[in-house]
Amino acid sequence: MTTALVRALGALAHEAAHARPEPGCACPPPVVLADRADGTVVRCGPVVAKAHAVGTDTAGLSVRLALAAGPGLAGILLAPLPLRTAADPAGADAAAPRLAVLHGRPVTLWPYGEPVDPGDPDAAPWEEAAVLLARLHRTGSRGDRPAPPAMRGPAKAALAVARMRAARSGDPAMAPVLAAWRGLPPWARDEAPAPAHHAGVLCHGDLHLGQLVRHPAPHGPWLLIDVDDAGTGDPAWDLARPAAWYAAGLLPPEVWFRFLDAYRAAGGPATGADGDPWPALDVAARALTVQTAALALAKSAEEHRVPDEVEQVMIDACARIAALPPELSARHSS
């Protein structure tokens with residue numbers, strides 16, 4: 001994070017928070033909500049400004065922003081705010097741009113939404129998340145809007161493995177994670193296109209509870225946020241993180257089945273309406289297990305510490321995956 005970038009984001013959010021310039025306003029100072037490699041987020045009142053990752057595909061992001069802003073996904077995805085221009089100082093034109101560049105970073109504006117409370121796990125909106133995913137997956141591609149790019153879930157998994165390798169070059173601790181990674185089909189390692197039968201299914205690409213907010217804050221309906229990884233692909237990827245946590249013992253069975261049942265009841269296409277969901281989820285769940293373990297090893301190395309208890313659970317899960325007989329591991333890999 002650079003001070004100049006944070007100041008620029010705060011100024012952009014502050015300007016967008018006012019329909020008209022208000023000299024000497026009493027707004028509180030901007031607040032940094034997140035500062036990670038994949039994005040810096042600054043809030044000013046009802047508006048959030050996000051600087052996306054260095055190297056972001058801006059053409060793909062523009063298409064994703066148009067999808068989120070379109071009426072077909074209203075009530076599912078939080079819509080971005082238009083940017084002000086000299087010709088449209090109020091940002092009221094529906095065709096106004098939604099992507100700018102500040103300090104070399106792609107930047108977008110969003111209404112502030114109330115996030116999930118990490119201190120109240122019993123109130124986590126698992127069912128609401130499942131219903132939103134089911135609705136998103138049923139939306140599909142339409143001929144009246146730009147074709148979405150591919151969902152970036154496999155690309156993020158590959159980046160996590162690359163980050164681990166860079167942080168722990170030659171470290172034998174990587175062995176079970178790399179072995180589980182090699183057992184995945186090429187498409188799940190971002191080495192080949194997704195299977196053709198997933199074409200046209202619109203996915204979020206990075207589903208976790210941090211990707212939900214209530215809007216209008218603080219009591220509005222839950223919506224999905226962060227479209228950086230959205231696109232067409234295997235809808236099972238959006239269920240894979242909770243599935244991986246359940247398989248590793250980190251998510252209680254009753255929570256997993258509440259989530260799965262809500263998804264199926266809402267018509268979600270990833271797993272079928274009933275029966276064993278694991279044939280559909282297996283590959284994506286293994287990929288998310290590897291991704292989580294790889295990030296755990298990378299972060300712990302970068303922070304000069306050993307993996308914590310939760311991180312070690314996911315690393316151990318990779319060892320169990322790697323120990324599966326090849327015929328069992330490959331059964332659902334196509």
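Please refer to the structure placed before this passage.
A brief structural summary. All values derive from a computational prediction rather than experimental measurement.

Calculation criteria
Residues numbered from 1 in each chain as written. Predicted model: local features only at pLDDT ≥ 70, side-chain atom pairs only at ≥ 80, totals over all residues. Heavy atoms only, no water. Pairing = 2+ DSSP bridges. Helix = DSSP H or I, 4+ residues; strand = E, 2+ residues; numbered from the N terminus. Contact = heavy atoms within 4.5 Å. Axes fitted to C-alpha atoms, helices over the stretch in contact; angles between N-to-C directions. Core = buried A, V, L, I, M, F, W, Y, C linked by side-chain atoms within 4.5 Å. Buried < 20%, exposed > 50% of the residue type's maximum accessible area, 1.4 Å probe, protein only. Arc of directions from axis to C-beta. Parallel < 35°, antiparallel > 145°, perpendicular 65-115°, else oblique. Left-handed = near helix turned anticlockwise from the far one by under 90°. Nonpolar A, V, L, I, M, F, W, Y, C, P; charged D, E, K, R; others polar. Phe/Tyr/Trp six-rings, centres within 6.5 Å; stacked < 30°, edge-to-face > 60°. Salt bridge = Lys/Arg side-chain N within 4 Å of Asp/Glu carboxyl O. Patch = residues over 30% accessible without salt bridge, like charges linked within 9 Å, V, L, I, M, F, W, Y side chains within 5 Å. Areas by Shrake-Rupley, 256 points an atom, 1.4 Å probe, with all protein chains shown as cover. Lys, Arg positive; Asp, Glu negative; His and termini not counted. Charge placed at Lys NZ, Arg CZ, Asp CG, Glu CD.

With antiparallel pairing, the three strands of this open sheet are ordered in space as 6-8-9. Of all strands in the sheet, those bounded by a partner on one side alone are strand 6 (114–115) and strand 9 (222–224). Note: strand 8 (residues 212–214) against strand 9, three bridges, orientation antiparallel. When the bridges of strand 9 are listed, Arg214 appears paired with Trp222. In this fold helix 3 (residues 126–139) packs onto strand 8 and strand 9, with an angle of close to 50° to the strand it touches most, strand 9.

The next point concerns the nonpolar core. The biggest cluster of nonpolar side chains holds 79 residues, and the ones touching the most others in it are Met164, Leu224 and Trp237. In contact with Leu224, not counting residues within four places along its chain, are Ile76, Leu77, Leu78, Leu132, Leu133, Leu136, His204, Leu207, Gln211 and Leu212. Formed by twelve residues, the second largest nonpolar core is a distinct cluster that contains Val6, Leu9, Val42 and Cys44.

So, on to helix 5 (residues 175–182). Every buried residue of helix 5 is listed here: Val177, Leu178, Ala180 and Trp181. Taken around the axis of helix 5, the buried residues stretch over an arc of 160°, which confines them to a single face. Looking at the buried residues of helix 5, the elements they touch are helix 4 (153–167), helix 8 (278–302) and helix 9 (309–322).

Attention shifts here to the packing of helix 5 against helix 9. Across the interface, helix 5 lies against helix 9 with an axial gap of 8 Å and an inter-helix angle of 50°. Classified by the angle their axes make, helix 5 and helix 9 are oblique. The handedness of the crossing between helix 5 and helix 9 comes out as left-handed. Across the interface between the two elements, Pro176, Val177, Ala179 and Ala180 of helix 5 pack against Cys318, Ala319, Ile321 and Ala322 of helix 9. Classifying every residue of the contact of helix 5 with helix 9 by side-chain character gives eight nonpolar, no polar and no charged.

A full pass over the atoms with the stated rule returns eight aromatic pairs. Measuring from centroid to centroid gives 6.5 Å for Trp126 and Trp245, while their planes differ by 90°, and the two rings are edge-to-face. Of this pair, Trp126 sits in helix 3 while Trp245 sits in helix 6 (residues 237–248), placing them 119 residues apart in sequence. Under the relative-accessibility criterion, Trp245 is labelled partly exposed at 26%.

The topology assignment puts Met314 in helix 9. Classification of Met314 by relative accessible area gives buried; the value is 2%. Expressed as a C-alpha distance, the spacing of Met314 and Trp245, which sit 69 residues apart in the sequence, is 8.2 Å. Discounting residues that sit within four places of it in the chain, Met314 has contacts with Ala244, Trp245, Ala248, Leu250, Thr289, Thr292 and Ala293.

By the definition in use, this model includes 14 salt bridges. For Arg305, the salt bridge goes to Glu303, with nearest N and O atoms at 2.6 Å. Since its relative accessible area comes to 30%, Arg305 is described here as partly exposed. On the accessibility criterion, Glu303 (47% relative accessible area) is partly exposed. In this structure, a network of salt bridges that share partners links the residues Arg152, Lys156, Asp206, Asp229 and Arg241.

Quick look at the sheet that holds strand 1 (residues 31–36) now. Pairing in this open sheet of five strands is antiparallel, and the strands run 1-2-3-5-4 from one edge to the other. In the strand order of this sheet, the two ends are held by strand 1 and strand 4 (100–102), each with one partner. For this sheet, the mean angle separating the axes of adjacent strands, direction not counted, is 25°. Here strand 4 pairs with strand 5 (residues 105–111) via three bridges, running antiparallel. Residue pairing across strands places Val101 opposite Pro106, the latter belonging to strand 5. Of the strands in this sheet, strand 1, strand 2 (39–44), strand 3 (47–52), strand 4 and strand 5 touch helix 1 (residues 3–17), which is tilted by about 45° from strand 2.

On the surface, Glu114, Asp117, Asp120 and Asp122 cluster together to form a negatively charged patch. Along the chain, the position of Asp120 falls in the loop between strand 6 and helix 3. What makes Asp120 partly exposed here is its relative accessible area of 33%.

This next bit is on the environment of Leu109. Looking at the secondary structure, you find Leu109 in strand 5. Residue Leu109 is classed as buried on the basis of its relative accessible area, which comes to 2%. Leu109 has contacts with Leu12, Ala13, Ala16, Val47, Val48, Ala49, Pro80, Leu81, Pro82 and Leu83, leaving out every residue within four places of it along the chain.

Nothing here speaks to function; it is all geometry.
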